[in-house]
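# Reading the structure
Listed below, chain by chain, are the residues.
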Amino acid sequence: MASSDLYFNVDSGYLEGLVRGFRGGILSQTDYLNLTQCETLEDLKLHLQSTDYGHFLQNEAGPLTVSVIDDRLREKLVTEFQYFRNHSLSPLSKFLDFITYGYMIDNIILLITGTLHNRSITELLPKCHPLGQFEELGSLGIAQTAKDLYNAVLVDTPLALFFQECISEQDLDELHIEIIRNTLYKAYLEAFFKFCEAIGGSTSEMMLPILQFEADRRAFNITINSFGTELGKDDRAKLFPRCGRLYPDGLARLARADDYEQVRQVADCYAEYSALFEGAGTGPGEKTLEDKFFEYEVKQNTLAFMNQFHFGVFYAYVKLKEQECRNIVWISECISQQNRSKIENYVPIF
């Protein structure tokens, strides 16, 4: 046992126990079976009341909609996360901040995209993910152009370091938006990886494989999505996070790939990734590669709860609850649209 594990409970034991208790409230397979039998959204609401979600929809006036369910699910998760953050001490507080940086990147990209389309920042702010909200986000509302927004981000946000290192003001045009997103995510994942490595102990042991998979998933997706676009092979390679299991040989081969089959050949060199590509497709009854990635992510995050004295359980809980929210919203959409043929196409957790 590492020395950091010996003193873990002094500062973080209470919160770890709490998050493990919350984990017990994640919906079971029986709950999902009951949800898929619901005929209306009101039926779904009634069943959720018998779970840890309780009466989180009781104050909704008027007909229940999928968007309202989605918003309330997200609010509940954010409330729980903010409790962890408000009661945490360093280095757990910094670890929890790192979890929010990914959502902050998505929010900033949303605002940049909106300003490039001449949309008001104040109109876009309510659409931002609440986990990616930060104190200075409201002050960005004074930005009227992408240039103003870029300068505001450099001065006022926790993402300033990532922007300074990899994005220039000249990159802010519509053609570069996805490149900006992936460049920021690359810097973010590599920084998060180094932070967890520096913590050491069980946190490093549990988190590094999770972040390695996230880095490799992004590399696969960037490569596949770049086919048929103007993104050159050299530019593509610059977007790959260099903290995954694919680094360096797998990333070099992905950079040279010309089609999906060559990407699959790279995956075949890694047992866990080969299994994900096996049988993936877009035909009836087939699981997409994205679905397979989600399933593998769930498997990794559930394993985080098999060990003690580490921060990985907080990351795993947020990701598992996010998947649970996606599952509930998917089932709600199928009920709302009366399309029961696809209602069981969710990703089971436990």
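All of the points below concern the structure found in this document. (Residues numbered from 1 in each chain as written. Predicted model: local features only at pLDDT ≥ 70, side-chain atom pairs only at ≥ 80, totals over all residues. Heavy atoms only, no water.)

## Focus: the pattern of salt bridges
This is how it is decided: Salt bridges, as used here, are contacts in which a Lys or Arg side-chain nitrogen is within 4 Å of a carboxyl oxygen on Asp or Glu. Runs of H or I in DSSP of at least four residues are treated as helices and runs of E of at least two as strands, each being numbered from the N terminus. Buried residues are those whose accessible area, probed at 1.4 Å on protein chains only, stays under 20% of the maximum for their type, while exposed residues exceed 50% and partly exposed ones sit between those limits.
Summed over all chains, the structure comprises 18 salt bridges. Measuring nitrogen to oxygen at the nearest pair gives 3.2 Å for the salt bridge that ties Arg217 to Glu297. One end of the pair, Arg217, is in helix α11 (residues 201-226); the other, Glu297, is in helix α16 (residues 289-303), with 80 residues separating them in the sequence. Assessed through its relative accessible area of 10%, Arg217 is described here as buried. One connected set of salt bridges, linked through shared partners, spans Glu60, Arg72 and Glu75.

## Considering unusual backbone geometry
Note on backbone geometry: most residues besides glycine have negative phi, and most peptide bonds are trans. Between Ser90 and the following residue, Pro91, the backbone shows a cis peptide bond with an omega angle of 5 degrees. With respect to the helices and strands, the residue Pro91 is situated in the loop between α5 (66-86) and α6 (92-116). Following Tyr247, the chain continues into Pro248 via a peptide bond in cis, with omega recorded as 0 degrees. Mapped onto the fold, Pro248 is located in the loop between α12 (233-238) and α13 (249-256). The backbone phi angle of Phe309 is positive, close to 60 degrees, even though this residue is not glycine. When you line up the elements, Phe309 lands in the loop between α16 and α17 (312-336). Here the phi dihedral of Gln338 falls at roughly 55 degrees; this positive angle occurs in a residue that is not glycine. Mapped onto the elements of the fold, Gln338 is located in the segment after α17. Gln338 gets classed as exposed once you look at its relative accessible area, which sits at 71%.

## Points about the packing of α13 against helix α14 (residues 260-267)
To be explicit about the condition: Every axis in this analysis is a line fitted to C-alpha atoms, fitted for helices over the stretch in contact. Angles between the N-to-C directions lie between 0 and 180 degrees. For this classification, under 35 degrees means roughly parallel, over 145 means roughly antiparallel, 65 to 115 means roughly perpendicular, and everything else is oblique. By definition, residues are in contact when any of their heavy atoms lie within 4.5 Å. Gly is placed with the polar residues, together with every amino acid not listed as nonpolar (Ala, Val, Leu, Ile, Met, Phe, Trp, Tyr, Cys and Pro) or charged (Asp, Glu, Lys and Arg).
The geometry of α13 relative to α14 is characterised by a closest axis approach of 9 Å and an angle of 170 degrees between their N-to-C directions. One element, α13, and the other, α14, form an angle in the roughly antiparallel class. Of the residues in α14, those in contact with Gly250, Arg253, Leu254 and Arg256 of α13 are Gln262, Val263, Gln265 and Val266. Across the contact of α13 with α14, the residue classes tally to three nonpolar, three polar and two charged.

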